[in-house]
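# Structural features, examined
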Amino acid sequence: MKKNYDVPMIDIHNHILFGVDDGAQDLRTSLEMIDIAHEDGIRGLILTPHCHPHRGMSSYEKILSHFEELKKVASAQFPDMNLYLGREVYFRSDVLEEVEGMDALQMCGNKIALIEFSSNVQPSYIKSSIADVQMQGLIPIVAHVERYACTIEDKSIVEEFSDMGAFIQINADDLVGNVKHEMKKVVKYLLKNDLVDFVASDAHDTERRRPLLSDAYRYIAKKYGEDYAYDLMYANPMRIIEDKL
Ligand SMILES: [Fe+2]
């Protein structure tokens, strides 16, 4: 059995909350995913259901009720696991008109939004979206920045997003999983240049896309330093929870 890591890692991006998007479909799967995360050494999960025209547009009311239900059952089975509610927002300028207010978009009730785009998005669109989100009074986190064609083509544009005040998240699997070499090249470039703020699982299930961070933690600690791994998978996630970004 894999030894849990000493640091109580926090996963800020996953689809563990059941029945609200293309992640876990039932409560049992949510609990199995939490078990996998717990076994991996994760002690905090910010659940981020999709707000996406094809992957999940559940009402905020439903999301809240499933969250309360899961929290209740999970706290009995995993008393040292902390669950928080966030959202992964597929960004369009009119997204606020589609949801029930700003609360439905925020991370942990704070003015922070995890935003994603289509894979063929243009850099100029990402930049104008970052500005839009900031205009709404929210701090943007760009989800899995290594997965867009434009960042694969030109890794250095991520620095421009960062300079605008956006925070940058990469997927653990794109560093240590079985993925295209080009995505690995992007995440390694970003890590080397200190351009990453969060590493998260983006887990969707118990098989192919699982909630695991410890391999990425070990890899980053060894290659880029223990402090960086600690920041990306514990200290920075805590800043979301404590509203200190
Ligand atoms: Fe996601």
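A brief structural summary.

Turning to the environment of Gly109, a few remarks are in order. Structurally, the position occupied by Gly109 is in the loop between helix H3 (95–98) and strand E6 (112–116). In sequence terms Gly109 and Ile157 are 48 residues apart; their C-alpha atoms lie 30 Å from each other.

Here the iron ion is held by His13 (NE2), His15 (NE2), Glu88 (OE) and Asp202 (OD), and the distances to it run 2.1 to 2.2 Å. Note that the iron ion binds 4 donor atoms; their angles at the metal cover 83 to 172°, and the shape is irregular. Each donor residue of the iron ion belongs to the same chain, with the gaps between them written as H-x1-H-x72-E-x113-D. Here His13, found in the loop between strand E1 (9–11) and helix H1 (27–40), pairs with Asp202, found in the loop between strand E9 (198–200) and helix H9 (214–224); they are 189 residues apart in sequence, far enough to count as distant. Asp202 carries the same exposure label as His13, and that label is buried.

This part is about the pairing of strand E7 (residues 139–142). Alignment of E6 against E7, held across 4 bridges, turns out to be parallel. Directly across from Ala113, in E7, lies its bridge partner Pro140. Crossover E6 to E7 through helix H4 (residues 123–135) is right-handed. Both E7 and strand E8 (residues 167–171) contribute to a ladder of 2 bridges, which runs parallel. For Val142, the partnering residue across the bridge sits in E8 and is Ile168.

Applying the stated rule across the entire model yields 4 aromatic pairs. Consider the rings of Phe117 and Tyr148, whose centres lie 6.0 Å apart with planes at 75°: the pair is edge-to-face. Of this pair, Phe117 sits in the loop between E6 and H4 while Tyr148 sits in the loop between E7 and helix H5 (149–153); the two residues are 31 residues apart in sequence, bridging distant segments of the chain. The class of Tyr148 is buried, set by a relative accessible area of 1%.

Attention shifts here to the sheet that holds E8. Taken in spatial order, the 6 strands of this open sheet run E3-E5-E6-E7-E8-E9, and their pairing is parallel. At either margin of the open sheet sits one strand with a lone partner, and together these are strand E3 (50–51) and E9. Here E8 pairs with E9 via 3 bridges, running parallel. The residue bridging Asn171 from the neighbouring strand is Ala200, located in E9. Together, E6 and E7 form the strand contacts of H4, whose direction differs from that of E7 by roughly 145°.

Moving on, we get to the pattern of salt bridges. Counted according to the given criterion, the structure contains 8 salt bridges. In this structure, Glu116 and Arg55 form a salt bridge, with 3.4 Å as the shortest nitrogen-oxygen distance. Of this pair, Glu116 sits in strand E6 while Arg55 sits in the loop between E3 and helix H2 (60–77), and the two are 61 residues apart along the sequence. Its relative accessible area of 2% is what places Glu116 among the buried residues.

About the thresholds
- Residues numbered from 1 in each chain as written.
- Predicted model: local features only at pLDDT ≥ 70, side-chain atom pairs only at ≥ 80, totals over all residues.
- Heavy atoms only, no water.
- Helix = DSSP H or I, 4+ residues; strand = E, 2+ residues; numbered from the N terminus.
- Donors = N, O, S within 2.8 Å, 3.2 Å for Na, K, Ca; no water.
- Tetrahedral: all angles 85-135°; square planar, octahedral: opposite > 155°, others 65-115°.
- Buried < 20%, exposed > 50% of the residue type's maximum accessible area, 1.4 Å probe, protein only.
- Pairing = 2+ DSSP bridges.
- Right-handed = clockwise from strand over helix to strand, strands pointing away.
- Phe/Tyr/Trp six-rings, centres within 6.5 Å; stacked < 30°, edge-to-face > 60°.
- Contact = heavy atoms within 4.5 Å.
- Axes fitted to C-alpha atoms, helices over the stretch in contact; angles between N-to-C directions.
- Salt bridge = Lys/Arg side-chain N within 4 Å of Asp/Glu carboxyl O.

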